[in-house]
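Residue strings, one per chain:
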Amino acid sequence: MGNSLKAIVAFVPSKKCQKYLLEDLEEMPVDKMVDLSGRQLRRLPLHICSFRELVKLYLSDNNLNHLPPELEQLQNLQILALDFNNFKALPLVVCTLKQLCILYLGNNKLCSLPLELRLLQNLKTLWIESNCLQCLPEVVCELSLLKTLHAGSNALRTLPTQLQCLQELRTIWLSGNLLSEFPSVLLDMPFLEVIDVDRNSIRFFPSLAHLPGLKLVIYDHNPCRNAPKVAKGVRRVGRWSEETPEPRKRSGAVIEITLDEKPSPLPATKPETE
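Counting starts from 1 at the beginning of each chain's written sequence and moves along it residue by residue. Confidence filtering applies because this is a predicted model: local features only for residues at pLDDT of at least 70, side-chain atom pairs given and counted only at 80 or more, and all residues used for totals across whole chains, interfaces and linings. As a rule here, side-chain values cover all heavy atoms of the structure and leave hydrogens and water aside.

1. Points about the overall build of the protein
What counts is decided by this rule: Secondary structure counts use DSSP, requiring at least four H or I residues in a row for a helix and at least two E residues in a row for a strand, with both numbered from the N terminus. The rule is simple: take the accessible area with a 1.4 Å probe, protein chains only, and divide by the maximum for that residue type; under 20% is buried, over 50% is exposed, in between is partly exposed. Computed with a 1.4 Å probe, the accessible areas rest on the Shrake-Rupley method; for each residue, only the protein chains presented here act as cover.
Each helix and strand counted, the protein has 2 helices and 12 strands in total. In the protein, the succession of helices and strands from N to C terminus is α-α-β-β-β-β-β-β-β-β-β-β-β-β. Across the 274 residues in the protein, those meeting the buried criterion constitute 47%. A total of about 13800 Å² of accessible surface is found on the protein, and carbon and sulfur atoms cover 52% of it.

Okay, structure coming up:
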């Protein structure tokens, strides 16, 4: 009954109802963090926007599809979680929060990102996984400090060549897309440390041995006939990962090599480091 009641109350903008949703959160918490995840919210309680020193705001797992313009008052916000909501477009007010370092947009219904996203020049981590993106928005390539990009479980078939401009990018997660070829732009990004192209449709992998920063490449669950060649010390996760890059053959038959274990899944709680 609690969640059902909150879902109804969320429609009512009266101060009494807002107070109920905030559970008596009348003053900004000492840790400068507000977590309203999983509250069945359909609108953001406006009282939150008065906490002008707020640094972290978690709104995950609600029913939000818009944000009030008053959110612009939170100019000290560094972490904003909007994942697991009903956003079909990123509210432009988010792009006014210029101190944002980490932005969670996963598990929504986004088909694009606004050009105004380029204003978030302090952004270091962007999560856009599990949306409806058929191509990686080129505006992402203008986020010059971006270190980590989670873009898995979309419908990406290619990556823009402008991605190589992100010279701070160290980790790119592309699992569960529609890539039929290994993205050639990644071959021109020697600073990458982690490349994840698990669960795509890649049939051939070029050599990655020339990438000096590479530490891990995940290429499992692709219909490939070879493993990517990598430099010494680089971990590979996929078929034949512990063998030579080509599968061993005997009498014309390919011998199946035991799959290497994948790394442990990401923790349920969101990391706050880049």
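2. Here's the deal with the packing of aromatic side chains
Note the cut-off: Classification of ring pairs rests on two measures: the distance between centres of Phe, Tyr or Trp rings, Trp counted by its six-membered ring, which must be within 6.5 Å, and the angle between planes, read as stacked under 30 degrees, edge-to-face over 60 and tilted in between.
In the structure shown here, the tally under the stated rule is 3 aromatic pairs. The interplanar angle of 50 degrees and the centroid separation of 5.4 Å between the aromatic rings of Tyr104 and Trp127 together place this pair among those described as tilted. One end of the pair, Tyr104, is in strand E4 (residues 102–104); the other, Trp127, is in strand E5 (residues 125–127), with 23 residues separating them in the sequence. On the basis of relative accessibility, which here comes to 1%, the residue Tyr104 falls in the buried class. Judged by its relative accessible area of 12%, Trp127 falls in the buried class. An aromatic cluster of at least three residues, connected via ring pairs, comprises Phe182, Phe205 and Tyr219.

3. What to know about the side chain of Glu129
Formally: A contact between two residues is defined here by any heavy atoms of the two lying within 4.5 Å.
When you line up the elements, Glu129 lands in the loop between E5 and strand E6 (148–150). Judged by relative accessible area, Glu129 falls into the buried class, the value being 15%. When sequence neighbours within four positions are dropped, the list of residues in contact with Glu129 reads Gly106, Asn107, His150, Ala151, Gly152 and Asn154.

4. A look at the environment of Pro160
Residue position: Pro160 is located in the loop between E6 and strand E7 (171–173). Discounting chain neighbours no more than four positions away, the residues touching Pro160 are Leu136, Glu138, Cys141 and Val185.

5. As for the sheet that holds E4
So the rule is basically this: Pairing between strands is defined by DSSP: at least two bridges between the two strands are required. Axes here mean lines fitted to C-alpha atoms, for a helix over just the part in contact, with angles spanning 0 to 180 degrees between N-to-C directions.
Strand order in the open sheet formed by 10 strands is E1-E2-E3-E4-E5-E6-E7-E8-E9-E10, and the pairing between neighbours is parallel. Looking at which strands have only one partner, the edges of the open sheet turn out to be strand E1 (33–35) and strand E10 (235–237). Strand after strand, the sheet turns through a mean of 5 degrees between neighbouring axes, direction not considered. With 3 bridges connecting them, E5 and E6 associate as parallel partners. Bridging from a neighbouring strand, Thr125 pairs with Thr148 of E6.

What is shown is where atoms sit, not what they do.
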